[in-house]
Structure formats: structure tokens, C-alpha cells
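# Chain and residue survey
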Amino acid sequence: MSDAPQITVYSDYVCPFCYLGRESLRQYQATREEPLDIDWHPFDLRSGKRSPDGTIDHSVDDGKDDDYYEQAKQNVRRLQDEYGVEMDLDIATDIDSLPAQVVSYYLKSHTDYETWLAFDEAVFDALWQEGRDIGATDVLVDLATDAGVEAETVHSALDDEALRAEVRQQFATAQQAGVTGVPTFAYDGHAARGAVPPEHIERLVEGV
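Quick notes on the rules
Sequence order sets the numbering: in each chain, residues are counted from 1 along the sequence as written. In keeping with the model being predicted, local features are shown solely for residues with a pLDDT of at least 70 and side-chain atom pairs are shown and tallied solely at 80 or more, while totals for entire chains, interfaces and linings include all residues. Computation of side-chain values: all heavy atoms of the structure, hydrogens and water removed. Under the DSSP-based scheme used, a helix requires at least four consecutive residues in state H or I and a strand at least two consecutive residues in state E, with every element numbered from the N terminus. In this treatment the radius of gyration is a C-alpha quantity, and the globule benchmark scales as 2.2 Å times the residue count to the 0.38 power. Type-normalised accessible area, obtained with a 1.4 Å probe on protein chains alone, sets the label of each residue: buried when under 20%, exposed when over 50%, and partly exposed for intermediate values. Note on definitions: a residue-residue contact is assigned when non-hydrogen atoms from the two residues lie within 4.5 Å. Reported accessibility uses the Shrake-Rupley method at a 1.4 Å probe radius. Residues are deemed covered only where the shown protein chains occlude them. A helix is expected to span 1.5 Å for every residue after the first. Two strands form a pair only when DSSP identifies at least two bridges running between them. For every element, the axis is a line fit to its C-alpha atoms; helices are fit only across the contacting stretch, and the angle between N-to-C directions ranges from 0 to 180 degrees. Working definition: the arc comes from the directions between the helix axis and the C-beta atoms, pointing outward to the latter. Here the nonpolar core consists of buried residues drawn from Ala, Val, Leu, Ile, Met, Phe, Trp, Tyr and Cys, with membership extended through side-chain atoms lying within 4.5 Å. Any Lys or Arg side-chain nitrogen found within 4 Å of a carboxyl oxygen on Asp or Glu counts as a salt bridge. Put simply, angles under 35 degrees are roughly parallel, angles over 145 are roughly antiparallel, angles from 65 to 115 are roughly perpendicular, and the rest are oblique. A crossing counts as left-handed when the near helix is turned anticlockwise from the far one by less than a right angle, and as right-handed when that turn is clockwise. Following the grouping adopted for this structure description, the nonpolar residues are Ala, Val, Leu, Ile, Met, Phe, Trp, Tyr, Cys and Pro, the charged ones are Asp, Glu, Lys and Arg, and the polar ones are all others, Gly among them.

### Considerations on the overall build of the protein
Looking only at helices and strands, the protein features 8 helices and 4 strands. Beginning at the N terminus, the succession of helices and strands in the protein can be written as β-α-β-α-α-α-α-α-α-β-β-α. Over its C-alpha trace the protein gives a radius of gyration of 17 Å, about what one expects of a compact globule, namely 17 Å for 208 residues. Within the span of the protein, comprising 208 residues, buried residues form 47% of the whole. In the protein, once contacts between residues fewer than 6 apart in sequence are set aside, the share between residues at least 24 apart is 73%. With an accessible surface of roughly 10,400 Å², the protein has 43% of that area assigned to carbon and sulfur atoms.

The following block contains the structure:
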């Protein structure tokens, strides 16, 4: 991290509202004279439906039916209009973000902030702007090399079982901290959940 103040953001790359929330945060950041860095914490929306091979088992009942997803799509489209964002997908139920989160978590810990941020934003854009499978190793290598990261670093991170266990512990830690949905923005002991508008993030950070 740089010396700039930080806003904590809990998110999962496969959450469309996390992508929209980051756009809202970007719009707020653009109004500030002082930079505001992102302290990202991973959250897992696929834990109950992830098969050992990484595929998503839709037969698992997670309480989300067709009506839920249709309402979610409508909300995504409404926020796209509100924030001026075009998205290739409204929802991504078949994509597993765990590999991307593992690589992102490694880069956050072992590279400078700008390198991590470039990869992080590229993962979001690859899925929501281009419809790419961010669970695929070759896609992650492509995104990482564009951010200045060696391909071997990606392979090493993905093969590191201890790192995966650490990321899973981060998921548990988020839940223990009371995070029940994403995105969740936290600053100075206060929090806001959802793809809230820029002025809401401004109130969270500046108390105005």
C-alpha cells in the first residue's frame, strides 16, 4: 500500500454489484484531491456450490431461485444506467472466481499497490466487459502479464495449497467480521453494503 488513506472493500469478482460498486467508488475517488487506496479483502460467493474440480454445482440449493436472479439482473441494469456503465454480462453464475482471488491475494501481499490494482481492475473488466472466464489459468496469466507480472508467478500462486488455505481463511475472517454480503465498504469503524452511489461512499469516508 501507499501512504494514502485506505477504504476497506470486501468483494468477489463474480458479483456484478461488486463491479458496479467499484465504479461508484472510482467516481467518488475522482472527486477527491487526496488519493484513496483500496484495501481489498476477498469474499466467497461460490463456497457452497463449488465442486472439487472448480465447476459450479447448480443442483445445490442456496435459496436463490429464478425469480432471485431475474430481480438481480434488473437491478444490475438499473445501476448500469445510473452509473453510466456498459456490461457484457448481467450475471455470471457459471464462473468460479477462486483462482482469480488466489492470484489477486498473492499480488496484494507481494507486489506494489499499483501492480495489484492493475490486475484487480483487469479481472473485473475481463469478466464484466468481455465475458471471459476468470477461473481459467490462461486468462489469469494474460491479465497478470499485462499488469507486469511474470506468468510463472501466476502458476506458482495457483499451485500453492498453503496460499489457497490462507485465502479460504480470509473468507472465514470476513464472515466473522460480520460481512454477510458484497460489496461491503468499511471506513473508520463504519460500513456500507451494496453498490451504493458515490455520494453514499463520500458520506462514509468524510462523514458529510
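The rest of the description comes next.
### Quick notes on helix α1 (residues 16-29)
Taking 1.5 Å of rise per residue, the 14 residues of α1 would be expected to cover 20 Å, and the 20 Å separating its terminal C-alpha atoms lies within 8% of that figure. If you check which residues of α1 are buried, you get Pro16, Phe17, Cys18, Tyr19, Leu20, Gly21, Arg22, Glu23, Ser24, Leu25 and Tyr28. In this structure, the buried residues of α1 make contact with β1 (6-11), β2 (37-42), α2 (66-83), α4 (113-128), β3 (184-187) and α8 (198-206).

### Focus on the sheet that holds strand β4 (residues 190-193)
Two strands in a sheet stick together by hydrogen bonds in their backbones, pointing the same way (parallel) or opposite ways (antiparallel). The 4 strands are arranged β2-β1-β3-β4 in an open sheet whose pairing can be described as mixed. The open sheet is flanked by β2 and β4, the only strands paired with a single partner. Averaged over neighbouring strand pairs, the angle between their axes works out to 25° when direction is ignored. As paired elements, β1 and β3 share 3 bridges and run antiparallel to each other. Its bridge partner being in β3, threonine 8 is matched across the sheet by alanine 186. Lying on the sheet, α4 is in contact with β1 and β2; it crosses β2 at an angle near 60°. Each of β1, β3 and β4 touches α8; the most contacted strand, β3, lies at about 30° to it.

### Topic: unusual backbone geometry
The amide bond that connects valine 182 to the next residue, proline 183, takes the cis arrangement and shows omega of 0°. For proline 183, the location among the structural elements is in the loop between α7 (161-176) and β3.

### A look at helix α6 (residues 151-158)
Turning to α6, its buried residues are Val154, Ala157 and Leu158. Buried residues of α6, viewed axially, fall in a sector of 95°; they line one side. Elements in contact with the buried residues of α6: α3 (98-110), α5 (137-146) and α7.

### Some points on the nonpolar core
Ile7, Leu20, Leu25, Phe119 and Ile134 are the most contacted members of the largest nonpolar core, which has 65 residues in total. Take this core: its biggest share by element is 10 residues, from α4.

### Here's the deal with the pattern of salt bridges
Under the defined criterion, the tally for this structure stands at 11 salt bridges. One salt bridge in this structure joins arginine 32 and glutamate 34, with 3.5 Å as the shortest N-O distance. On the basis of relative accessibility, which here comes to 17%, the residue arginine 32 falls in the buried class. Here glutamate 34 falls in the partly exposed class, since its relative accessible area comes to 46%. With its nearest N and O atoms 2.9 Å apart, the salt bridge here joins arginine 50 to aspartate 96. Here arginine 50, found in the loop between β2 and α2, pairs with aspartate 96, found in the loop between α2 and α3; they are 46 residues apart in sequence, far enough to count as distant.

### Here's the deal with the packing of α1 against α2
Running from N to C, α1 and α2 point in directions that differ by 15°, and their axes come no closer than 10 Å. In terms of axis orientation, α1 runs roughly parallel to α2. For the crossing formed where α1 meets α2, the hand is left-handed. Mapping the contact onto sequence places Pro16, Phe17, Leu20, Glu23, Ser24 and Gln27 in α1 and Ala72, Asn75, Val76, Leu79, Gln80 and Tyr83 in α2. Broken down by class, the residue content of the contact of α1 with α2 amounts to 7 nonpolar, 4 polar and 1 charged.

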